[in-house]
Amino acid sequence: MKPTAIVIGAGIGGIAAAARLAKNGYDVTVLEKESTPGGRCNQIVRDGHRFDIGPTLFLMPEVWEETFAALGERMSDHLDLRRIDPTYKVHFEDGLQLALTSNLGEMQTQLEKVEPTAFTGFLNYIAEGIRHYKLSLEKFVGRNFYNIFEYFSLKNLPLIVQLKALQKHYANTGRFFRDERLKAAFTFQNMYLGLSPYDAPATYSLLQYTELAEGVWYPMGGMYAAIQALVKVAEKLGVTFVYDAPVKKINVGKRKVESVETADGREWIADLFIGNADLPYIYKELLPDPAPAKKLDEKLYTCSTIMFYWGVDKQYPQIAHHNVFLGGDYKASFDQIFQDHTLPEVPSFYVHAPARTDPAAAPAGQDTLYILVPVGHLDARSKQDWEALVNRARETVFNRLAKEMGVTDLREHIKFEIVYQPRVWKERFNLEKGAAFGLSHNFWQVGYLRPHNRHAKYKNLYFAGASTHPGTGLPIVLLSAKLTTERILKEAKTQKAENRGSKSILSQAKEVQ
């Protein structure tokens with residue numbers, strides 16, 4: 001008989017882990033609380049407008065390609081990718097605009113208008129980014145650590161220096177740029193990980209390398225097309241998806257998980273279990289032990305977001321595919337998000353207009369606009385008037401689009417608005433504190449120091465997703481699924497060998513008798 005596995009949650013990590021296990025001979029069932037797969041990478045479709053709920057950037061295509069290849073497929077057979085270049089148009093309050101592009105000639109012209117030596121700094125910055133990217137993927141992000149000595153080995157210790165893991169990202173950019181606006185333009189990407197560039201390790205210069213060298217891509221049909229493709233492959237491999245089936249309890253024995261219970265009272269038994277719901281939520285709400293949950297509650301969490309999904313009955317061609325609006329005191333803004341857990345006095349924000357690349361994202365002659373405004377996560381110790389914060393964020397977006405893009409009539413052309421804020425992230429997706437990106441990624445919460453992808457006590461309970469090793473971001477979560485599956489298969493192989501050894505010893509003992 002095939003070994004059996006239950007996956008809790010059909011986020012991208014759960015889907016990929018399920019498919020990998022099925023490819024390796026497991027009978028896998030995925031239990032998903034929603035009526036559709038995807039988790040934060042789900043979609044909203046309304047009146048002909050299609051929105052990706054969460055991620056909008058398809059990065060690190062080689063990681064995606066490896067995932068499909070491991071499942072016996074070619075990514076190109078499933079996804080129609082289009083490169084977005086310029087990757088963004090970055091707008092500053094003083095009127096400066098930068099189109100971040102892989103065209104070096106264009107980058108040189110733009111950067112040297114701001115700072116004469118900036119292009120040389122840019123080339124050196126990208127060179128550092130590629131070193132960080134290759135080293136991180138090979139030595140840290142792309143492997144499992146089974147004990148603290150592997151992580152802090154004599155081989156790895158020099159890498160902490162080489163990767164600048166103890167230096168802060170924003171401070172490190174001062175080696176390459178003097179202009180504060182350029183420092184901001186090459187560090188705001190930390191927000192993909194829900195991090196402040198003033199706290200994030202300088203290692204994350206790798207983000208700019210991945211964007212400008214390997215490219216920012218868009219799958220036709222939206223990011224949800226990638227979810228649909230992986231689900232199709234998983235089902236082809238025999239994975240069963242059960243929707244509208246929220247897991248309410250994990251039943252445990254002394255050293256293992258025995259079963260899980262869904263809200264309808266059904267009990268699901270398997271040989272092993274993978275938690276793809278947010279890891280802090282699993283420890284706090286599904287497992288019986290309060291101590292680990294309390295310890296997780298004390299860790300640092302990423303920020304949250306206020307989201308506006310606007311169906312618009314008019315096209316605004318001046319809004320590019322990806323747009324970033326940076327405002328106010330850069331340092332103060334991040335302090336207000338990460339220390340005060342609120343909306344900055346002058347919020348920055350991101351606008352995504354998918355119909356620039358994919359006309360099917362909106363009805364003909366209309367627009368689909370996705371707006372992301374970074375904000376602090378839920379904090380019971382501070383006053384958070386979310387209605388007032390949402391209103392202030394909305395007005396900021398209207399005002400800057402009018403002032404800097406001539407979009408003066410947007411308010412009158414919005415057919416409908418859907419709003420997400422931290423409470424929605426918590427209630428719909430079970431994200432602890434409404435932190436949209438899960439646990440944070442400072443030095444003490446990465447690698448072996450991050451929550452492990454197997455439970456310390458219940459040896460058949462594993463994890464895949466943003467809050468376990470190696471971290472958040474879609475391609476990194478795909479790596480999480482890979483690493484968790486590799487660990488499961490390795491430990492199953494070891495167990496089989498031990499069982500054979502035990503049988504051999506018993507057989508020899510009987511012969512002696």
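Thresholds applied
Residues numbered from 1 in each chain as written. Predicted model: local features only at pLDDT ≥ 70, side-chain atom pairs only at ≥ 80, totals over all residues. Heavy atoms only, no water. Helix = DSSP H or I, 4+ residues; strand = E, 2+ residues; numbered from the N terminus. Rg over C-alpha atoms; globule rule 2.2 N^0.38 Å. Buried < 20%, exposed > 50% of the residue type's maximum accessible area, 1.4 Å probe, protein only. Contact = heavy atoms within 4.5 Å. Areas by Shrake-Rupley, 256 points an atom, 1.4 Å probe, with all protein chains shown as cover. Lys, Arg positive; Asp, Glu negative; His and termini not counted. Charge placed at Lys NZ, Arg CZ, Asp CG, Glu CD. Pairing = 2+ DSSP bridges. Axes fitted to C-alpha atoms, helices over the stretch in contact; angles between N-to-C directions. Phe/Tyr/Trp six-rings, centres within 6.5 Å; stacked < 30°, edge-to-face > 60°. Lys NZ or Arg CZ within 6 Å of the ring centre and 35° of its normal. Right-handed = clockwise from strand over helix to strand, strands pointing away. Patch = residues over 30% accessible without salt bridge, like charges linked within 9 Å, V, L, I, M, F, W, Y side chains within 5 Å. Salt bridge = Lys/Arg side-chain N within 4 Å of Asp/Glu carboxyl O.

Looking only at helices and strands, the protein features 17 helices and 19 strands. Radius of gyration (C-alpha) of the protein: 24 Å, near the 24 Å computed for a compact globule of 513 residues. Dimensions of the protein, computed from the C-alpha atoms along their principal axes, are close to 90 × 50 × 50 Å. In the protein, which comprises 513 residues, the share counted as buried stands at 59%. By sequence separation, contacts in the protein at least 24 residues apart represent 73% of the contacts at least 6 residues apart. On the protein, roughly 21500 Å² of surface is accessible, and the fraction owed to carbon and sulfur atoms is 53%. Placing the 62 positive and 58 negative side-chain charges of the protein at their respective mean positions leaves the two points 6 Å apart.

As summarised here, the arrangement of the five strands in space is E9-E2-E1-E13-E19, forming an open sheet in which the pairing is parallel. Pairing within the sheet leaves two strands with one partner each, and these edge strands are strand E9 (240-242) and strand E19 (461-463). Here the average twist between neighbouring strands, direction ignored, is 20°. As paired elements, strand E1 (residues 4-8) and strand E2 (residues 27-31) share five bridges and run parallel to each other. Opposite Ile 6, over in E2, you have Thr 29 as the bridge partner.

Moving on, we get to the packing of helix H1 (residues 12-23) against helix H2 (residues 61-70). Pairs of packed helices are described in terms of their axes, by the angle between the two and the distance that separates them. Where H1 meets H2, the closest approach of the two axes is 10 Å, and the angle between their N-to-C directions is 35°. Here Ile 12, Arg 20 and Lys 23 of H1 lie close against H2, whose contacting residues are Trp 64, Glu 66, Thr 67 and Ala 70.

This next bit is on the sheet that holds strand E10 (residues 247-252). Taken in spatial order, the three strands of this open sheet run E10-E11-E12, and their pairing is antiparallel. Of all the strands in the sheet, just E10 and strand E12 (267-269) have a single pairing partner and so form its edges. Looking at each pair of strands side by side, their axes are set apart by 25° on average, direction ignored. Relative to E12, strand E11 (residues 257-262) is paired through three bridges, and the arrangement is antiparallel. Bridge pairing in E12 links Glu 261 to Glu 267.

Per the counting criterion, the structure on display carries 33 aromatic pairs. Relative to Phe 186, the ring of Tyr 125 lies with its centre 6.0 Å away and its plane at 65°, an arrangement referred to as edge-to-face. In this pair, Tyr 125 sits in helix H4 (residues 118-141) while Phe 186 sits in the loop between helix H8 (180-185) and helix H9 (206-214), placing the two residues 61 residues apart along the sequence. For Phe 186, a relative accessible area of 0% gives the class buried. Centroid distance Tyr 151 to Phe 152: 4.9 Å. Interplanar angle 70°. Geometry classified as edge-to-face. By relative accessible area, which is 30% here, Phe 152 ends up partly exposed. Just above the ring of Tyr 301 sits the side chain of Lys 433; from NZ or CZ to the centre is 5.3 Å.

Time to look at the pairing of E2. With four of its five residues buried, E2 lies for the most part within the structure. Where the polypeptide runs from E1 across H1 and back to E2, its parallel neighbour, the crossover connection is right-handed. With three bridges connecting them, E2 and E9 associate as parallel partners. Note that in E9 the partner of Val 30 across the bridge is Phe 241.

Now for a nonpolar patch on the surface. Taken together, Phe 152, Leu 154 and Leu 157 make up a surface patch of nonpolar side chains, about 310 Å² in accessible area. Within the secondary structure, Leu 157 is located in helix H6 (residues 157-162). Overall, the relative accessible area of 38% leaves Leu 157 in the partly exposed class.

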